[in-house]
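# Structural characterization, general
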Amino acid sequence: MPTFKSSPEFTMHYVVDDYTDPWREPETILMLHGNAESGAAWYAWVPHLARHYRVVRPDMRGFGASTPMPPDFPWTLDILIDDYIGLMDALGIARFHLVGAKIGGTLARAFAARRPERVLTLTVAGTPPPFREGAEARAPALAEEFARDGVEPWARRTMAGRLGSAFPAEGAEWWIRFMARTAPSTQIGFMPTIACADIRPDLPRIACPTLVITAEESGLASVEATRAWQQTIPDSTLLVLPGNSYHVAASDAEKCARATLDFIACP
């Protein structure tokens, strides 16, 4: 797996998937995964996207094969955005389509608002409201749990809502083990900062065409609540899929990928 060293203490791992015709110069899609995941979370999207676009799948700072972060790391959205900008600069990619899921969608929305010159289109799938009521109050107890028990108990306890009732049991178990590999030190610092970020001021500043994907019974927010914040993004569209998962990028990967392809082609 290729690496990008943005600072002495941090190395980012990433994958580039490109199955486009070799005589073409394809546009690029940068994919931002969610909390306690890595770029491998996009496994079901890649066959759909990479035949038409160059797909860049980094492991966010602290996650996957990228360098774990200490509990006291000073997390900010801008630090993470700068990590991704540095990677794309190193790859020589000036402008790109941006796709994010879960907290990756929170980061992607802030990214599109704060670095509009880099983002062609934005797609967010199963992403939280721009401000999560009560998240900050829950963070200390979660930090204690991560320090004591690691990430697996939290992943196991929350997986049913994440993937919904129709997802196969063996698939849910894979996702639990996948998320459980996250360093507890990363989670301890990430949850009270990035997971609690307030990006409400960013949404009206998103200038690119935007697609928001949610599920009818998402545990993150109702369709009405999602539509309320989606409509604050000037050039945006809401797609509602059937089901009760909130991680639709995982539970409905093929539908999301096809919708994203159609959107990028005709934003």
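Above: the structure in question.
Our subject in this report is the structure included herewith. (Residues numbered from 1 in each chain as written. Predicted model: local features only at pLDDT ≥ 70, side-chain atom pairs only at ≥ 80, totals over all residues. Heavy atoms only, no water.)

## Some words on unusual backbone geometry
For residues besides glycine, phi is generally negative; the peptide bonds are generally trans as well. One non-glycine residue, Ala36, lies in the positive phi region at around 60°. Here Ala36 shows up in the loop between β3 (28-32) and α1 (46-49). Overall, the relative accessible area of 0% leaves Ala36 in the buried class. Positive phi is not limited to glycine here, since Lys102 has a value of about 50°. Relative to the helices and strands, Lys102 is located in the loop between β5 (96-101) and α3 (103-114). (Helix = DSSP H or I, 4+ residues; strand = E, 2+ residues; numbered from the N terminus. Buried < 20%, exposed > 50% of the residue type's maximum accessible area, 1.4 Å probe, protein only.)

## Some details on the nonpolar core
Ranked by size, the top nonpolar core spans 62 residues in total, and within it Leu30, Leu98, Phe111, Trp154 and Trp175 carry the most contacts. With near-sequence residues (within four places) excluded, Leu98 lies in contact with Leu30, Leu32, Ala108, Phe111, Ala112, Val119, Thr121, Leu122 and Thr123. (Core = buried A, V, L, I, M, F, W, Y, C linked by side-chain atoms within 4.5 Å. Contact = heavy atoms within 4.5 Å.)

## Let's talk about the pairing of β5
Counting buried residues in β5 gives 6 out of 6 residues, a clear majority hidden from the surface. Bridge count for β3 against β5 is 4 bridges, and the pairing is parallel. Directly across from Met31, in β5, lies its bridge partner Val99. Taken together, the 5 bridges between β5 and strand β6 (residues 119-125) define a ladder with parallel strand orientation. Counterpart to Phe96 in the pairing with β6 is Val119. (Pairing = 2+ DSSP bridges.)

## Looking at the packing of aromatic side chains
A full pass over the atoms with the stated rule returns 11 aromatic pairs. Taken together, a centroid distance of 6.4 Å and an interplanar angle of 50° make the contact between Phe63 and Trp75 tilted. With Phe63 in the loop between β4 (54-58) and α2 (77-90) and Trp75 in the loop between β4 and α2, the pair connects residues that are 12 residues apart, well separated along the chain. A relative accessible area of 0% places Phe63 in the buried class. Relative accessible area serves as the criterion here: at 6%, Trp75 is assigned to the buried category. Where Trp175 meets Phe178, the ring centres are 5.3 Å apart and the plane angle is 80°; that geometry is what we call edge-to-face. Here Phe178 and Trp175 lie together in helix α6 (residues 169-180), a separation of 3 residues that amounts to about one turn. (Phe/Tyr/Trp six-rings, centres within 6.5 Å; stacked < 30°, edge-to-face > 60°.)

## Remarks on the packing of helix α5 (residues 152-163) against α6
In the contact formed by α5 and α6, the axes pass within 9 Å of each other and the chain directions differ by 135°. By the criterion of interaxial angle, the relationship of α5 to α6 is oblique. α6 is crossed by α5, and the crossing has right-handed handedness. Contacts between α5 and α6 involve Glu152, Trp154, Ala155, Arg156, Met159, Arg162 and Leu163 from the first element and Ala172, Glu173, Trp175, Ile176, Met179 and Ala180 from the second. Partitioning the contact of α5 with α6 into residue classes produces 9 nonpolar, no polar and 4 charged. (Axes fitted to C-alpha atoms, helices over the stretch in contact; angles between N-to-C directions. Parallel < 35°, antiparallel > 145°, perpendicular 65-115°, else oblique. Left-handed = near helix turned anticlockwise from the far one by under 90°. Nonpolar A, V, L, I, M, F, W, Y, C, P; charged D, E, K, R; others polar.)

## Focus: helix α10 (residues 253-265)
Spanning 13 residues, α10 covers 18 Å between terminal C-alpha atoms, matching the ideal 18 Å at 1.5 Å per step. Buried within α10 we find Ala253, Cys256, Ala257, Ala259, Thr260, Leu261, Phe263 and Ile264. (Expected span 1.5 Å × (residues − 1).)

## Quick notes on the side chain of Thr127
Residue placement: Thr127 occurs in the loop between β6 and α4 (135-149). Among the polar contacts listed, one links the side chain of Thr127 to the backbone nitrogen of Thr106, at a separation of 3.2 Å. Polar contacts involving the side chain of Thr127 include one to the side chain of Arg109, which spans 3.0 Å. Those residues in contact with Thr127 that sit more than four places away from it in its chain are Lys102, Gly105, Thr106, Arg109, Leu220 and Trp229. (Polar contact = N/O pair within 3.5 Å; in protein donor to acceptor, adjacent residues only side chain to side chain.)

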